[in-house]
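Results of the structural survey
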There are 2 protein chains.
Amino acid sequence: MTHFITDAEVAARLDAATAVEAIRDALLAAYRGRLVAPPRVAAPLAGGRLVLTAGQLVDEWYGFGSYDTFGHAEGEQVVALHDAANGRLRAVAVGAEIGSRRTGALGGVAVRALARPDAATLGVVGAGGQAWAQVWAVAAVRRLREVTVHCRTPAGREKFAARVRAELGIPARAVDTAAAAVRDRDVVVLATTSPTPVISAADLSPGSHLNTIGHKQLGRSEFGPDLLDRADLLVTDSLAQAGAYDPPMLGTVGAYAGRLRALGAVLAGEQPGRTTPDQVTVFCSVGLAGSEAFLLDRLTRPEAEPAGPARPGRGAGPG
Amino acid sequence: MTHFITDAEVAARLDAATAVEAIRDALLAAYRGRLVAPPRVAAPLAGGRLVLTAGQLVDEWYGFGSYDTFGHAEGEQVVALHDAANGRLRAVAVGAEIGSRRTGALGGVAVRALARPDAATLGVVGAGGQAWAQVWAVAAVRRLREVTVHCRTPAGREKFAARVRAELGIPARAVDTAAAAVRDRDVVVLATTSPTPVISAADLSPGSHLNTIGHKQLGRSEFGPDLLDRADLLVTDSLAQAGAYDPPMLGTVGAYAGRLRALGAVLAGEQPGRTTPDQVTVFCSVGLAGSEAFLLDRLTRPEAEPAGPARPGRGAGPG
């Protein structure tokens, strides 16, 4: 029987520590070639496209996530997982939670691997579902003392800060500018829909780590080249996907291309991560294909049990 | 809430007459440009591909069917239907029934539009799920007096004939050769996995209609060019998809290309169908994209009610 999963079940069963562990395993599997993650394919419709991101854990499962580009605020996605032995559908998830928690967990893995072990402050620009998932995951890998948040509407950022306090038990403040949100922060998250830079590199503190979730293409990016110039270390979750953007991803053009590294290589210990406390590290999140199915597999394995609450600080060392 | 649908529910709720009506509407909507049905897209994995066929009924819904090419006998598919107004998933079906009944209904529409109104005998080559769905649909559009069936294994064809008798209440016989199955038949179905011709055109009676469901490409086809030469009328459910085969579909090469017509155009009355009782008509089924989602929409509309049993002979006139 196929296991049908809704957002409510994902929210109830998937804690951040489990998600971060699963996605770390996905990144390592992709780096080692066990997770096959081809470039996404899209079918054109009137007014938007249907996009398929496929993945395969060799000899275990194959599956996909689907989403569209119609831009509906409450649009839902499908994540499907086939058993490799017989092609049957083991699980199908519907909604937005698998996708956003997957992206959150990618950010969590990057912070765990690259932020300073004593990182304790988090600044967020953006207050949507993706921003929330980042805070959710980062709180599972570092002991956060305070979260600051900025978005364009005062009501939106106040609501976000209240949610951080209520659901994660972390002191949180809404602030008036993006610069104020990220100043003096150990970890910074950009998760906006902005096509133009929302902060400048000068706003960042030495030793900070930054995750960028939003637009990051030439001519359409939530940050500018100054951020990449400032970065001592530049990583992404998929070099292949990063290289397939059109227009190109900022981190893949000119001199940046030679500096962009696979997060999986850092996790595997085959590329250096942070080597000094005052380096600035930047993670360009592209959404590793197959990772939604990877997370669905972890969530629906027969032996999977609802895990305990998030354990801040667990596994605070690199990867 | 998303309506999750399994094969058991499809089998219980979808009668053949309803399926044929829905797929006729889909063919007309595609012909008139309301059903957007782009070519399928595929993501390569190790040992197979994941294929997405997308469709969109403008201003009503968009959706997809997914399947793979790993060749599992019991492999399952996903069919998903998004509400065009908000992107939410109205329904998700898992299994094989929507897909095979969709293909069956395409064949049923072709028979209703092109077979002689008094067609009463059906000969089938192949005894798998696709062959069964053809008989199921044809029985809803013509009053069948007898079904003959051939496949390679005696046990397989006897079982198929017994199922026709038991589930459709139609006399049915298993026969030793493909030629014997189709000789003197008003309607013929080829639904095999054979890469080489299973009958010759000389086996067909004047006035017969044939549906081909299996391989139909240059160098890999369940029939030979003699069948196309014999056909007075050659139709397909999607000229665009027929033209996208690689290697090319037999009916699109050389002189055949100019003769191949859209079934939707015949249904719309803009191309002639059968004009005399002794013409031979041939339907090359390619699986109109978007038609799985169309069927799922019909099955899960709020006003949809489980319909009664199949009504043989209903709507026996052309399209």
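Reference entry: report on the structure contained in this document. Being a predicted model, the structure only gives us computed values, none of them experimental.

1. Examining the sheet that holds strand 17 (residues 281-284) of chain B
Residue and element names in this part refer to chain B. On the basis of which strands lie adjacent, the open sheet formed by 8 strands has the order 10-9-8-11-12-17-15-16 and parallel pairing. Bordering the open sheet on either side are strand 10 (172-174) and strand 16 (260-262), each of which pairs with just one other strand. The sheet shows a mean angle of 20° between the axes of neighbouring strands, taken without regard to direction. By the bridge criterion, 3 bridges tie strand 9 (residues 146-150) to strand 10 in an arrangement that is parallel. Note on strand 10: the bridge partner recorded for V149 is A174. Where helix 3 (residues 97-114) meets the sheet, its contacts fall on strand 11 (187-190), strand 12 (209-212), strand 15 (233-236) and strand 17, and the angle it forms with strand 12 comes to roughly 160°. Contacts from helix 5 (residues 154-168) reach strand 9 and strand 10 within the one sheet, and its direction differs from that of strand 10 by about 180°.

2. Some words on helix 10 (residues 291-300) of chain A
Taken across its 10 residues, helix 10 of chain A has 9 buried, putting it largely inside the fold. Here helix 10 of chain A has its buried residues at S291, E292, A293, F294, L295, L296, D297, L299 and T300 of chain A.

3. Quick look at the relation of the copies chain B and chain A
Expressed as a screw transformation, the operator carrying chain B onto chain A has a rotation angle of 180° and an axial translation of 0.0 Å, and the superposed copies differ by an RMSD of 0.0 Å. Expressed as an axis order, the relation between the two copies is that of a two-fold axis. Proximity to the rotation axis, assessed at the C-alpha, singles out V41 of chain B in chain B; its C-alpha lies 3.2 Å from the axis. Both copies contact each other with a shared surface, as 100% of the interface residues of chain B are interface residues in chain A too.

4. Quick notes on the packing of aromatic side chains
Working definition: an aromatic ring pair is given by the centre-to-centre distance plus the angle between the planes. All names here are of chain B. Taken as a whole and judged by the stated rule, the model has 8 aromatic pairs over all chains. A ring pair is formed by W61 and F294, whose centres lie 5.9 Å apart and whose planes are at 80°; its orientation type is edge-to-face. Taken as a pair, W61 in strand 5 (residues 61-68) and F294 in helix 10 (residues 291-300) lie far apart in primary sequence, 233 residues in all. The exposure classification of W61 matches that of F294, with both residues buried. Considering the side-chain rings of W132 and F160, the 6.0 Å spacing of their centres and the 80° angle between planes classify their relative orientation as edge-to-face. With W132 in helix 4 (residues 129-138) and F160 in helix 5, this pair connects stretches of sequence that are 28 residues apart. Residue placement shows R101 over the ring face of W136; its charged tip is 4.8 Å from the ring centre. Of note, R163 hangs over the ring of W132, and the distance from its end group to the ring centre comes to 3.8 Å.

5. Let's talk about the interface of chain B and chain A
Taken together, the contacts link 39 residues of chain B with 39 residues of chain A. Taken together, both faces of the contact between chain B and chain A bury some 3,300 Å²; the carbon and sulfur share is 70%. For the salt bridge of E74 of chain A with R88 of chain B, the shortest nitrogen-to-oxygen distance reads 2.7 Å. One can count 12 residue pairs in polar contact (both at pLDDT 80 or more) joining chain B with chain A. Counting only elements with at least two residues in the side of chain B that touches chain A, the list comes to strand 1 (3-5), strand 3 (41-45), strand 4 (48-57), strand 5, strand 6 (77-83) and strand 7 (89-95) of chain B. Its residues assigned to classes, the side of chain B that touches chain A shows 23 nonpolar, 12 polar and 4 charged.

6. A look at the packing of helix 3 of chain B against helix 4 of chain B
All names here are of chain B. At a minimum axis separation of 7 Å, helix 3 and helix 4 run at an interaxial angle of 45°. As far as their axial angle goes, helix 4 and helix 3 are oblique. Seen from above, helix 3 lies across helix 4 with right-handed handedness. Counting all contacts with helix 3, which are made through S100, R101, T103, G104, A105, G107, G108 and V111, the residues of helix 4 involved are Q130, A133, Q134, W136, A137 and V138. Of the residues that constitute the contact of helix 3 with helix 4, the class distribution is 6 nonpolar, 7 polar and 1 charged.

7. A closer look at the environment of A43 of chain B
Position of A43 of chain B relative to the elements: it lies in strand 3. A43 of chain B gets classed as buried once you look at its relative accessible area, which sits at 0%. When the C-alpha atoms of A43 of chain B and D68 of chain B are compared, they prove to be 9.5 Å apart, with 25 residues separating the residues in sequence. Excluding residues that lie within four positions of it along the chain, A43 of chain B makes contacts with P38, V41, L52 and A54 of chain A together with G48, R49 and L50 of chain B.

8. With respect to the pairing of strand 3 (residues 41-45) of chain A
All names here are of chain A. Where burial is concerned, the two faces of strand 3 differ: the one with V41, A43 and L45 is buried and the one with A42 and P44 is not. With 5 bridges connecting them, strand 3 and strand 4 (residues 48-57) associate as antiparallel partners. Following the sheet pairing, A43 is matched in strand 4 by L50.

9. With respect to the pattern of salt bridges
Think of it this way: side chains of opposite charge can pair up when their charged atoms draw near. This structure, assessed with the given rule, holds 32 salt bridges over all chains. Among the charged side chains, a network of salt bridges with common partners joins R24, D25 and R298 of chain A.

10. What about unusual backbone geometry?
All names here are of chain A. Note that the residue after D246, namely P247, is joined by a cis bond; omega there is 0°. Note that P247 resides in the loop between helix 8 (239-242) and strand 16 (260-262). Positive phi outside glycine occurs at D184, with the angle close to 60°. Among the secondary structure elements, D184 is positioned in the loop between helix 6 (178-182) and strand 11 (187-190). Here D184 falls in the exposed class, since its relative accessible area comes to 58%.

11. Looking at the packing of helix 3 of chain B against helix 10 of chain B
Residues and elements named next belong to chain B. Where helix 3 meets helix 10, the closest approach of the two axes is 9 Å, and the angle between their N-to-C directions is 105°. With respect to each other, helix 3 and helix 10 are oriented roughly perpendicular. Contact residues: helix 3 offers I98, G99, R101 and R102, while helix 10 offers S291, E292, L295, L296 and L299. Considered class by class, the residues forming the contact of helix 3 with helix 10 number 4 nonpolar, 2 polar and 3 charged.

Cut-offs used in this document
Residues numbered from 1 in each chain as written. Chains lettered and ligands numbered in written order. Predicted model: local features only at pLDDT ≥ 70, side-chain atom pairs only at ≥ 80, totals over all residues. Heavy atoms only, no water. Pairing = 2+ DSSP bridges. Helix = DSSP H or I, 4+ residues; strand = E, 2+ residues; numbered from the N terminus. Axes fitted to C-alpha atoms, helices over the stretch in contact; angles between N-to-C directions. Contact = heavy atoms within 4.5 Å. Buried < 20%, exposed > 50% of the residue type's maximum accessible area, 1.4 Å probe, protein only. Least-squares fit on C-alpha atoms with pLDDT ≥ 70 in both. Phe/Tyr/Trp six-rings, centres within 6.5 Å; stacked < 30°, edge-to-face > 60°. Lys NZ or Arg CZ within 6 Å of the ring centre and 35° of its normal. Buried area = accessible area lost by both parts, 1.4 Å probe. Salt bridge = Lys/Arg side-chain N within 4 Å of Asp/Glu carboxyl O. Polar contact = N/O pair within 3.5 Å; in protein donor to acceptor, adjacent residues only side chain to side chain. Nonpolar A, V, L, I, M, F, W, Y, C, P; charged D, E, K, R; others polar. Parallel < 35°, antiparallel > 145°, perpendicular 65-115°, else oblique. Left-handed = near helix turned anticlockwise from the far one by under 90°.

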